[in-house]
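A look at the structure
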Amino acid sequence: MKRIAILGSTGSIGRSTLCVVESFPDRFQVVTLAAGRNLDLAFEQAKRWRPRVISVAAESHANNLRVRLNDSGITDIEITHGATGTVRVATHPEADFVVSAIVGVAGLEATYEAVRAGKSVGLANKECLVAAGELITAEARRQGKPLLPIDSEHNAVHQCLRGGKMNEVRRIWLTASGGPFLNTPKSKFADITVEQALNHPTWKMGNRITIDSATLMNKGFEVIEACRLFNLPPEQAAVIVHPQSTVHSLVEYVDGSILAQLSVTDMRLPILYALTYPDRIPSDLNFSLSDLRHLDFCPPDMEKFPCLRLAYEAAAAGGGKTVALNAADEVAVSAFLDGNIRFMDIPVLIEEVVSETSAGKMESIKEVLRVDQQARASARERVARLAGVPVAARQN
Ligand SMILES: NC(=O)c1ccc[n+]([C@@H]2O[C@H](COP(=O)([O-])OP(=O)(O)OC[C@H]3O[C@@H](n4cnc5c(N)ncnc54)[C@H](OP(=O)(O)O)[C@@H]3O)[C@@H](O)[C@H]2O)c1
C-alpha cells in the first residue's frame, strides 16, 4: 500500500490523483491533503478520504472547515493552514509519496521540504522547478529519492529515457499543442479576450496553466523544467508544435533513433505512472491507434510567441532569471485574467522584469523567495502603470 500526500487536492491534478486512488483502493491510500480556498470541495474530500491531516489556505478557512467537520461528527482529522500547514501535509511521517500539485510558487516550500524529508515526489507543479530546480534536484539526489514528473511531456521523456543512456541522448523534443492561437495572425493578438485564451484546444486545466499554454510560456517553463529534471543544457531541449497532443514528447538518441510516447490526453495516466514507478499496472486508459489519422509537427514561432524565447534565455542564464520569469508571469497572467492588462502585454511585462533581475545563483529557498517577491513587486508596479493607461494609448 502506497500512502499518499496530495498538495493541491482541490485542483485539476489533485482531483485526477484522487480519481486514480479511487480506481486502485488496494494500492493507494490518502494520508494527507492540502487545499487552498475551495472549502466546499476540501470538506467533501475530508469526509470521503478521512486524511490524518488537511491543510487549507488561511486560518479563517481552517476554522470554517473545523466547524463543518465537527457538525458532521468528524473530529479525528487534524486541520491546519497556510505555508506551515502545507509543509506539515508534505512531510507527514506516514506519507511515502507526495503529489506536488499546488499551482505557482505557493507550492515551493512544501515540495522542497517533502524532498528534504526523503519522500518520493510526483511533480506536477512546474513553477517549483522553474524557480528552484537546481536546489530541489540537488536535494533529491542527496536523498537518493526519485522526482517523478507528472507534467505529461516530462513524464513522456522519463518513459522514453528508459530506452537508452543519458550520454546517448542527442536531444529531447517537447511537444506543444500550440494553444488556441496557433493559427491566429499576430495582428489579431491585440483583441484576444480572456475567454478565448482560456479555451485550450486539447487539455482542460487550471486557469494559470491554460493562459501559459496560450502564450507558450507553459512550453518555456517546460524547457526549464526539463533541463533541470534531466540535467540537460537548453540547446538539448527542443520544442516542436504538435497540434493533436497525441505524442506527448520524444527522445532523440545519438544513433538517430527517436523514441516517442503516445497515449490518451488524460492526466490520470502520467499520475498513475508516477505513483507506480518503476512498475506499470493495467489501466483502462487505452489509446486507439486505429483511430489515429494525422500526426503533424512544425517548429514554434518564437516571434509570435516571445514568451518561449524569454524562457530559453532565462534557462541559459539560470539563477535569479528563472525565478523572475515565473514570478512576473504569475503576476501578468493574473492581471490579464482580471482584465487589467492585454494578452500581448504579458511578454512585454515579463521581459522588463527579467531583464532587471540578476542571474545570480540561488543558494537557498529563502533566497529564491526573496528574489520572487522582488520580481513580483516590480511586475505589480508595471501592471498598475499599464492598467492606468488607456488601451488606445499603449504601444502595440
Ligand atoms: N492541469 C494539468 O493538466 C496540468 C498539467 C501539467 C502540469 N500542471 C501543473 O500542476 C500544477 C497544478 O495545476 P492545476 O491545473 O491542477 O491547477 P488548479 O486546478 O488551479 O489547482 C491548483 C491547486 O492549488 C491550490 N492552491 C492554490 N494556492 C494555494 C495556496 N496558497 N495554498 C495551498 N493551496 C493552494 C488550489 O486550491 P483551491 O482550489 O482550494 O484554492 C488547487 O488545489 C500547476 O503547477 C500546473 O502548471 C497541471
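These figures come from a predicted structure and were not determined experimentally.

Cut-offs applied
- Residues numbered from 1 in each chain as written.
- Predicted model: local features only at pLDDT ≥ 70, side-chain atom pairs only at ≥ 80, totals over all residues.
- Pairing = 2+ DSSP bridges.
- Helix = DSSP H or I, 4+ residues; strand = E, 2+ residues; numbered from the N terminus.
- Axes fitted to C-alpha atoms, helices over the stretch in contact; angles between N-to-C directions.
- Contact = placed C-beta atoms within 7 Å.
- Near = placed C-beta within 6 Å.
- Nonpolar A, V, L, I, M, F, W, Y, C, P; charged D, E, K, R; others polar.
- Left-handed = near helix turned anticlockwise from the far one by under 90°.
- Buried ≥ 20, exposed ≤ 12 C-beta atoms within 10 Å, placed from the backbone.
- Expected span 1.5 Å × (residues − 1).
- Domains from an automatic or database assignment.
- Parallel < 35°, antiparallel > 145°, perpendicular 65-115°, else oblique.

1. As for the sheet that holds strand 5 (residues 97–100)
Pairing is parallel in the open sheet, where 7 strands are placed in the order 4-3-2-1-5-6-7. Both edges of this open sheet fall to strand 4 (78–81) and strand 7 (147–149), since each of them pairs with a single strand only. Direction aside, the axes of adjacent strands within the sheet are offset by 25° on average. The pairing of strand 2 (residues 28–34) with strand 3 (residues 53–56) spans 3 bridges and is classified as parallel. Bridge pairing in strand 3 links Ala34 to Ser55. Here helix 2 (residues 39–49) sits on the sheet in contact with strand 2 and strand 3, set at roughly 175° to strand 3.

2. Things to note about the site of the ligand
Inspection of the region around the ligand gives 28 residues, with Gly11, Gly36, Asn38, Met205 and Gly206 positioned closest. Only helix 1 (12–23) and helix 6 (126–143) provide two or more residues apiece to the shell around the ligand. Among the elements that line the shell around the ligand, the one with the most residues is helix 1, at 3 residues. Looking at side-chain class alone, the shell around the ligand contains 13 nonpolar, 11 polar and 4 charged residues.

3. Considering the pairing of strand 11 (residues 258–262)
Bridging between strand 10 (residues 247–253) and strand 11 involves 5 bridges; their strand directions are antiparallel. Note that in strand 11 the partner of Glu252 across the bridge is Ile258. Connecting the antiparallel pair strand 10 and strand 11 is a turn made up of 4 residues, with Gly256 showing a positive phi of about 100°.

4. Observations regarding the packing of helix 1 against helix 11 (residues 268–276)
Between helix 1 and helix 11, whose axes approach to 9 Å, the crossing angle comes to 60°. The handedness of the crossing between helix 1 and helix 11 comes out as right-handed. Counting all contacts with helix 1, which are made through Ser16, Thr17, Cys19 and Val20, the residues of helix 11 involved are Arg268, Ile271, Leu272 and Leu275. Class assignment of the residues belonging to the contact of helix 1 with helix 11 gives a composition of 5 nonpolar, 2 polar and 1 charged.

5. Points about helix 11
Most of helix 11 sits inside the fold, with 7 of its 9 residues counted as buried. By the burial criterion, the buried members of helix 11 are Leu269, Pro270, Ile271, Leu272, Tyr273, Ala274 and Leu275.

6. Topic: helix 13 (residues 320–337)
With 18 residues, helix 13 extends 26 Å between its outermost C-alpha atoms, agreeing within 8% with the 26 Å of an ideal straight helix rising 1.5 Å per residue. With respect to burial, helix 13 is a largely interior element, 16 of its 18 residues being buried. The positive-phi residue at the C-terminal boundary of helix 13 is Gly339, with phi of around 80°.

7. Description of the environment of Leu161
As for its position among the elements, Leu161 is in the loop between helix 7 (152–160) and strand 8 (169–176). In this structure the C-alpha to C-alpha distance between Leu161 and Ala190, which are 29 residues apart in sequence, comes to 41 Å.

8. Considerations on the domain arrangement of the chain
Accessible area lost when the parts come together is the quantity often used to give the size of an interface. Domain boundaries in the chain define domain 1 (2–149), domain 2 (151–308) and domain 3 (318–396). If you average the C-alpha positions of domain 1 and of domain 3, the two centres end up 28 Å apart. The interface of domain 1 with domain 3 comprises 11 residues on the first partner and 10 residues on the second. Contributing elements (two or more residues each) for the side of domain 1 that touches domain 3: helix 5 (108–116) and helix 6. Residue contributions to the side of domain 1 that touches domain 3 peak at 6 residues, all from helix 6. Across the side of domain 1 that touches domain 3, the residue classes break down as 7 nonpolar, 1 polar and 3 charged.

9. Observations concerning the sheet that holds strand 9 (residues 237–241)
In space, the 4 strands of this open sheet follow the order 9-8-10-11, with mixed pairing throughout. Looking at which strands have only one partner, the edges of the open sheet turn out to be strand 9 and strand 11. The average angle at which neighbouring strand axes cross in this sheet is 20°, direction not considered. Relative to strand 10, strand 8 runs antiparallel, the two sharing 5 bridges. Residue pairing for strand 10: Ile172 is matched across the bridge by Val251. Contacting strand 8, strand 10 and strand 11, helix 7 runs over the sheet at an angle of about 40° to strand 10.

10. Details of the packing of helix 13 against helix 15 (residues 365–388)
At a minimum axis separation of 8 Å, helix 13 and helix 15 run at an interaxial angle of 40°. With respect to helix 15, the element helix 13 is oriented oblique. Where helix 13 crosses over helix 15, the two elements pack in a sense that is right-handed. Between helix 13 and helix 15, the contacting residues are Gly320, Val323, Ala324, Ala327, Ala328, Val331, Ala332 and Ala335 on the first element and Val368, Val371, Asp372, Ala375, Arg376, Ala379, Arg380 and Val383 on the second.

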